[in-house]
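Next come the chains, spelled out residue by residue.
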2 protein chains.
Amino acid sequence: MLSFSTIVALAALQTPNMNASITSTNLPKSAVDGIATTLTNLEKAWNTQDIDFYGKQLDEQCNWVNVVGMRWRGKQNVVKAHAVYFEIMFKGVPQAFQTVEIRGFTDTVAVAICTLKMAAYKTPDGRSMPANLNRMTLTMVLKGDRWLIGSAQNAIVDPVAMPFNPIADDKDGE
Amino acid sequence: MLSFSTIVALAALQTPNMNASITSTNLPKSAVDGIATTLTNLEKAWNTQDIDFYGKQLDEQCNWVNVVGMRWRGKQNVVKAHAVYFEIMFKGVPQAFQTVEIRGFTDTVAVAICTLKMAAYKTPDGRSMPANLNRMTLTMVLKGDRWLIGSAQNAIVDPVAMPFNPIADDKDGE
């Protein structure tokens, strides 16, 4: 028979919520929960390579700047680019949100700064990327009853550079 | 005597406005002009290494994620980090905004996606960075009569990766 603690652990593994610390200094719980739901969906869509579900987390006018500075204008292009990269670069490459720090700008716009763990992958130009931390700035917009990604930019946290951060609270990206 | 065309060219060089294409599909001219003023100031502050003037373009709660994924929380830390890097990395390293594409989210919040030319520099960990394009997502917030930078993330456009962009309108970052 499973022990109580095993059952609790299994339940945690099966929860639809991501295992990240999600905080906001100035938003009500309802907004934080709404943003958390969208980011949980985003993580799940990535890890199951479900491009349709990924797209459902994006606003129609969503723009995206990726880790190598490519700019994708509008949801259709953002989805197309992710679909290609799910196929040729990120197949079976999991990501896991670690921390999400949210600041509300208005009742309908907030910025979430996220830190994610990414597994190793190989880029289309043949370079091997080791497992890394990824940092992402998401401008979130409330449309109807859902918080959607209105604009995104992300970056690979460079472990060689981090010790030179002039700000002492972030010397390793964790 | 200077020809008329020479005088016009000299005047253009001396204009306080940056020489960038600034566009928005959904904001009124007054908002675009306000954001353009702030970004003109930002470019000027960078190129004159005027850290106080740089800080005046930032909202008090401004967060920044830089090209190597460092996260700086709040204007005080963003200014401190830039002050250090002005001194040890970016002294005499000019930047020039090329394009700014702005989307308004509300009357008081907009996202500006900027492409800048950066001159070559050497990083604190000893790597030589050639001249490059930089891409920057700025969430701008209207405070009183000024548009300030509320959140920023930027990246170096990687010329090796760009030809592999699945979206055809941005194969070189220009």
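Scroll up to find the structure this text is about.
How each quantity is defined
Residues numbered from 1 in each chain as written. Chains lettered and ligands numbered in written order. Predicted model: local features only at pLDDT ≥ 70, side-chain atom pairs only at ≥ 80, totals over all residues. Least-squares fit on C-alpha atoms with pLDDT ≥ 70 in both. Contact = placed C-beta atoms within 7 Å. Helix = DSSP H or I, 4+ residues; strand = E, 2+ residues; numbered from the N terminus. Expected span 1.5 Å × (residues − 1). Buried ≥ 20, exposed ≤ 12 C-beta atoms within 10 Å, placed from the backbone. Arc of directions from axis to C-beta. Nonpolar A, V, L, I, M, F, W, Y, C, P; charged D, E, K, R; others polar. Pairing = 2+ DSSP bridges.

Here's the deal with the relation of the copies chain A and chain B
Then comes step 1: With an RMSD of 0.0 Å, the operation that places chain A on chain B is a rotation of 180° combined with a shift of 0.0 Å along the axis. The relationship between the two copies is best expressed as a two-fold rotation axis.
Then comes step 2: Mapped onto chain B, 100% of the interface residues of chain A again fall at the interface, so both copies present the same surface.

Observations concerning helix α2 (residues 29-47) of chain B
Residue and element names in this part refer to chain B.
Then comes step 1: In this model, α2 (19 residues) spans 26 Å end to end at C-alpha, consistent with the 27 Å of a helix rising 1.5 Å per residue.
Then comes step 2: Along α2, the residues that are buried comprise I35, A36, L39, L42, E43 and W46. Down the axis of α2, the smallest arc covering the buried residues is 120°, so these residues share one side. Looking at α2, the residues exposed on the side facing more than 90 degrees away from the buried face are K29, S30 and D33.
Then comes step 3: Among the structural elements, β1 (21-24), α3 (51-55), β4 (95-104), β5 (109-118), β8 (132-143) and β9 (146-156) are those in contact with the buried residues of α2.

Quick word on the interface of chain A and chain B
Then comes step 1: Listed by partner, the interface residues are 44 residues for chain A and 44 residues for chain B.
Then comes step 2: Mapped by element, the contributors of at least two residues to the side of chain A that touches chain B are β2 (58-65), β3 (71-73), α4 (75-88), β5 (109-118), β8 (132-143) and β9 (146-156) of chain A.
Then comes step 3: Residues of the side of chain A that touches chain B, tallied by class, amount to 23 nonpolar, 14 polar and 7 charged.

Let's talk about the pairing of β9(B)
Residues and elements named next belong to chain B.
Then comes step 1: Across the 11 residues that make up β9, a large majority, 9, are buried.
Then comes step 2: For strand β2 (residues 58-65) and β9, the ladder comprises 4 bridges, and the chain directions are parallel. Each residue of the ladder has a partner; that of N63, found in β9, is S151.
Then comes step 3: Direction of pairing for β8 relative to β9: antiparallel, over a ladder of 10 bridges. Looking at β9, one finds that R135 is bridged to A155.
Then comes step 4: Connecting β8 to the antiparallel partner β9 that follows it, the hairpin turn spans 2 residues, and G144 within it adopts a positive phi of roughly 65°.

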